[in-house]
Amino acid sequence: MPATASEINFSDLSNKPADSVRKLQESPNQTLLVHRRGDEEDLVLTTVSRAEEVREVVSTTTTLFIALMQQHADVRELVTDVMPRAFPWVRFLPREDMQAFAVELVETLEAANSLGTPAPVTRLITEWQHTAEVHADPRLLDILRQSGEDLGDVPAPGAVTA
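Only a predicted model underlies this, so the values are computations on that prediction, with no experimental measurement involved. (Residues numbered from 1 in each chain as written. Predicted model: local features only at pLDDT ≥ 70, side-chain atom pairs only at ≥ 80, totals over all residues. Heavy atoms only, no water.)

Draft legend 1. Examining the overall build of the chain more closely. On a plain count of helices and strands, the chain comes out with 7 helices and 3 strands. Listing each helix as α and each strand as β along the chain from the N terminus yields β-α-α-β-β-α-α-α-α-α. Taken over 162 residues, the chain has a buried fraction of 24%. The contacts in the chain between residues at least 6 apart in sequence include a share of 41% that link residues at least 24 apart. Of the roughly 11500 Å² of accessible surface on the chain, a fraction of 56% belongs to carbon and sulfur atoms. (Helix = DSSP H or I, 4+ residues; strand = E, 2+ residues; numbered from the N terminus. Buried < 20%, exposed > 50% of the residue type's maximum accessible area, 1.4 Å probe, protein only. Contact = heavy atoms within 4.5 Å. Areas by Shrake-Rupley, 256 points an atom, 1.4 Å probe, with all protein chains shown as cover.)

Draft legend 2. Seen up close, the side chain of Ser6. Among the secondary structure elements, Ser6 is positioned in strand 1 (residues 6-9). Relative accessible area serves as the criterion here: at 16%, Ser6 is assigned to the buried category. When sequence neighbours within four positions are dropped, the list of residues in contact with Ser6 reads Lys23, Ser27, Thr31, Leu32 and Leu33.

Draft legend 3. Focus on the side chain of Asn113. Of note, Asn113 is situated in helix 5 (residues 95-115). If near-sequence neighbours (up to four positions away) are discounted, Asn113 is found in contact with Arg55, Ser59, Thr62 and Thr63.

Draft legend 4. Seen up close, the sheet that holds strand 2 (residues 31-35). Here we have 3 strands laid out as an open sheet, ordered 1-2-3, and mixed in their pairing. The strands lining the two open edges of the sheet, one partner per strand, are strand 1 and strand 3 (43-46). When strand polarity is set aside, the average angle formed by the axes of neighbouring strands in this sheet is 30°. As paired strands, strand 1 and strand 2 are joined by 4 bridges and run parallel to one another. The partner of Glu7 across the bridge, within strand 2, is Leu33. (Pairing = 2+ DSSP bridges. Axes fitted to C-alpha atoms, helices over the stretch in contact; angles between N-to-C directions.)

Draft legend 5. Examining the packing of aromatic side chains more closely. Under the defined criterion, the tally for this structure stands at 4 aromatic pairs. Aromatic side chains Phe87 and Trp89 sit 5.5 Å apart centroid to centroid with 55° between the ring planes, which places their arrangement in the tilted category. We classify Phe87 as buried; its relative accessible area is 17%. Seen from their ring centres, Trp89 and Phe101 are 5.5 Å apart, and the 45° between their planes marks the pair as tilted. On the criterion of sequence distance, the pair formed by Trp89 in the loop between helix 4 (73-86) and helix 5 and Phe101 in helix 5 is long-range, its members being 12 residues apart. The class of Trp89 is buried, set by a relative accessible area of 14%. (Phe/Tyr/Trp six-rings, centres within 6.5 Å; stacked < 30°, edge-to-face > 60°.)

Fair warning: the whole summary comes from geometry, so function is off the table for now.
Now the structure itself:
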């Protein structure tokens, strides 16, 4: 959350809604961080116009990045070269996997942008990060290479398998 976001407690939102809205409107970025009690996740309250602005910036940036990646192989190589700055863990991936990640990232960004949701992008990044973790652990990588069989999808931690 940006440092410029105003903050309130959830009880203030419930008990003093007019004050909370005023604080939101006076916030420099039209964003209000709403703290919840215990283990409950905090909330972010914003105006529709601010949410639309953020969505437009993300969409425009995504579209530009996709167009650059699709334009020329040199751009794809450059992106592969600079990926460790955005994702330091890609240094553990073989170069061809790093390139595959870049291509898959662009494809997923395009599809997710068309739906207006970042969830597929964050899932893809997490999956590739887990792949890098395997490559970073020589013992685990050796075990997986020795098996010689496709073990299929790895279930999420705590998932029940049939």
